[in-house]
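Below, each chain spelled out in residue letters.
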Amino acid sequence: MNASDTSTVFERAARGLPVPHTPVWIMRQAGRYLPEYRKLRRTVDFVTATRTPEIAARITLQPMQRFEMDASILFSDIMTPLDPMGVSVDFKPGPVLPEPVRTPERARAVRELVPEADVPFVLEAIRAVRSELRPEAALIGFAGAPFTLFCYLVEGGGSKDFMTARSFLRREPEASQALLRTLGRSMARYLVAQAGAGADAVMLFDSWVGMLGPESYRRFVHPVLKEAFATVRAGTDCPVIYFPNRGGALLSSMRDLDMDVFAVDWTLPLHRADARLGGGRALQGNLDPAELFGPPEALLAAADAVLADAEGLAGHIFSLGHGIDRRTDPGQVARLVDHVHERTRAGPG
Ligand code: 1CP
């Protein structure tokens, strides 16, 4: 490694450069499985915590104090920037919209985000975390992907199949496209602003894109994502991560998106995701969060299987294939993180 290179192990892996060990972080690592998070949340509600930079920074740093993670992720939510766009959101604890977007008029009335003016508290929290985080650890900024936000906006909250949202797409295709474009432009600007405030990498969470068939993905979502990633690329040099949850069947349609790392859920082996993407890109993932409930030996064996699966990739960031469950024992997380470091210290893979 070049001694003058100040980038973190996480950023190097994202770019496919040589690393001293495989970097590891845990999706949704700041949150309810940590007793210190639950304790703090008894004194402050979720929305206040996300809108108060000192509190958001403190929660972001909680897992960093407990574990040897290579990256932190800002404590916020994919729904946080929606209020200034004209969509109010409650958290119970998942997002609930008192007035879902169900007409073309409302879809067109959602306005574009101006991050510096609309969510200064997020950018302030990023600056606060970056000033306290150890320099070897990366800070990940994030946003919701346009289709995933569209699902919540139209459905009005979480759902098993988001049928209201998916039927709106067909009933009102033009208004849906307009809304998806607004969301795509807004989240691209939001990621660029987070990078400008000090995030070392930015990640787009597409939790529900896997519900789309290839045709509707190509028609409604691909053009919006293509533009969004181009905007992010033009606005910052930092690595860009995309998580198309359960998106295995869509990966070959996603090859031309201009970003650095695909995060893969646990239903698809990494080497198969790599083949579908045409190779050459770093992948993140993809331990099943349920493995954290097995005995320690089984957990570490499952981690080794992920590391073996990652052999030969252009780069690998170890993480879960989706968010950590709130009933997880933090001791298992510590075991996992230390094991991945020890196993890969001689060289990744
Ligand atoms: O009661 C509480 O304390 C609130 C629980 C909670 C937390 C801790 C919510 C509500 N959001 C968050 C934080 C959060 N959400 C982070 C911060 C970083 C971290 O915790 O490490 C991040 C990255 C998210 C992202 C997020 N929110 C996604 C994308 C990732 C994924 O898991 O698919 C989604 C879909 C949401 C929506 C959301 N917000 C909260 C909940 C419980 C949910 C899921 C709702 C549903 O079931 O649809």
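Residues numbered from 1 in each chain as written. Predicted model: local features only at pLDDT ≥ 70, side-chain atom pairs only at ≥ 80, totals over all residues. Heavy atoms only, no water.

Q: Could you give an account of the pattern of salt bridges, naming the residues involved and the relevant values?
A: By the definition in use, this model includes 13 salt bridges. Note that Arg 111 and Asp 118 form a salt bridge whose closest N and O atoms lie 3.2 Å from each other. Residue class for Arg 111 comes out partly exposed when judged on its relative accessible area of 38%. The class of Asp 118 is buried, set by a relative accessible area of 15%. Between Arg 327 and Asp 325 there is a salt bridge whose closest N-O contact spans 2.8 Å. Owing to a relative accessible area of 23%, Asp 325 belongs among the partly exposed residues under this scheme. One connected set of salt bridges, linked through shared partners, spans Glu 112, Arg 185, Arg 189 and Glu 227. (Salt bridge = Lys/Arg side-chain N within 4 Å of Asp/Glu carboxyl O. Buried < 20%, exposed > 50% of the residue type's maximum accessible area, 1.4 Å probe, protein only.)

Q: Go over the pairing of strand S5 (residues 201-206), please, and point to the residues and values.
A: Among the six residues that make up S5, six are buried, leaving the element largely enclosed by the rest of the structure. Alternating residues of S5 divide into Ala 201, Met 203 and Phe 205 and Val 202, Leu 204 and Asp 206, and every residue in both groups is buried. Note that strand S4 (residues 138-144) and S5 share five bridges and pair parallel. What sits directly across from Ile 140, in S5, is Ala 201. The sheet contact formed by S5 and strand S6 (residues 240-244) spans five bridges and is parallel. Residue Leu 204 lies in a different strand from S6, and its bridge partner there is Tyr 242. Read as a crossover between parallel neighbours, the route from S5 over helix H11 (residues 214-235) to S6 is right-handed. (Helix = DSSP H or I, 4+ residues; strand = E, 2+ residues; numbered from the N terminus. Pairing = 2+ DSSP bridges. Right-handed = clockwise from strand over helix to strand, strands pointing away.)

Q: Any details on the site of the ligand? Residues and values, ideally.
A: Not every one of the 24 residues close to the ligand is listed here, only the nearest: Ala 30, Tyr 37, Tyr 152, Ser 207 and His 322. Between the ligand and Arg 41 there is a distance of 2.9 Å, counted from an oxygen atom to a side-chain nitrogen or oxygen. Look at the ligand: alone it shows 880 Å² of surface, and the protein chains cover 88% of it. (Near = heavy atom within 4 Å. Polar contact = N/O pair within 3.5 Å; in protein donor to acceptor, adjacent residues only side chain to side chain. Areas by Shrake-Rupley, 256 points an atom, 1.4 Å probe, with all protein chains shown as cover.)

Q: Would you mind going over the packing of aromatic side chains in detail, with residue names and values included?
A: Evaluation of the coordinates by the stated rule reveals 11 aromatic pairs. Directly above the ring of Trp 266 sits Arg 246, whose terminal nitrogen or CZ lies 4.8 Å from the centroid. (Phe/Tyr/Trp six-rings, centres within 6.5 Å; stacked < 30°, edge-to-face > 60°. Lys NZ or Arg CZ within 6 Å of the ring centre and 35° of its normal.)

Q: So what's going on with helix H10 (residues 173-197)? Residues and values would help.
A: The end-to-end C-alpha distance of H10, which contains 25 residues, comes to 36 Å, matching closely the 36 Å that a straight helix rising 1.5 Å per residue would cover. Positive phi shows up at Gly 198, right after H10, with a value of about 130°. (Expected span 1.5 Å × (residues − 1).)

Q: How would you summarise the nonpolar core if you had to cite specific residues and measurements?
A: Trp 25, Met 79, Phe 150, Met 203, Tyr 242 and Leu 336 are the most contacted members of the largest nonpolar core, which totals 131 residues. The element that contributes the greatest number of residues to this core is H10, accounting for 11 residues. Leaving out residues up to four positions away in the same chain, Phe 150 has contacts with Ala 165, Phe 168, Leu 169, Ser 176, Leu 179, Leu 180 and Leu 183. (Core = buried A, V, L, I, M, F, W, Y, C linked by side-chain atoms within 4.5 Å. Contact = heavy atoms within 4.5 Å.)

Q: Hey, could you go over the sheet that holds strand S9 (residues 316-320) for me, with residue numbers and the actual values?
A: Taken together, seven strands build an open sheet; the order of strands is S1-S4-S5-S6-S7-S8-S9 and the sheet is parallel. Each of the sheet's edge strands pairs with one partner strand only, and the pair in question is strand S1 (71-73) and S9. Along the sheet, successive strands turn relative to each other by an average axial angle of 25°, direction set aside. One ladder, built from three bridges, connects strand S7 (residues 261-263) with strand S8 (residues 282-287); its direction is parallel. The residue of S8 that forms the bridge with Ala 263 is Gln 284. Packed on one face of the sheet, H11 meets S5 and S6 and runs near 160° to S6. (Axes fitted to C-alpha atoms, helices over the stretch in contact; angles between N-to-C directions.)

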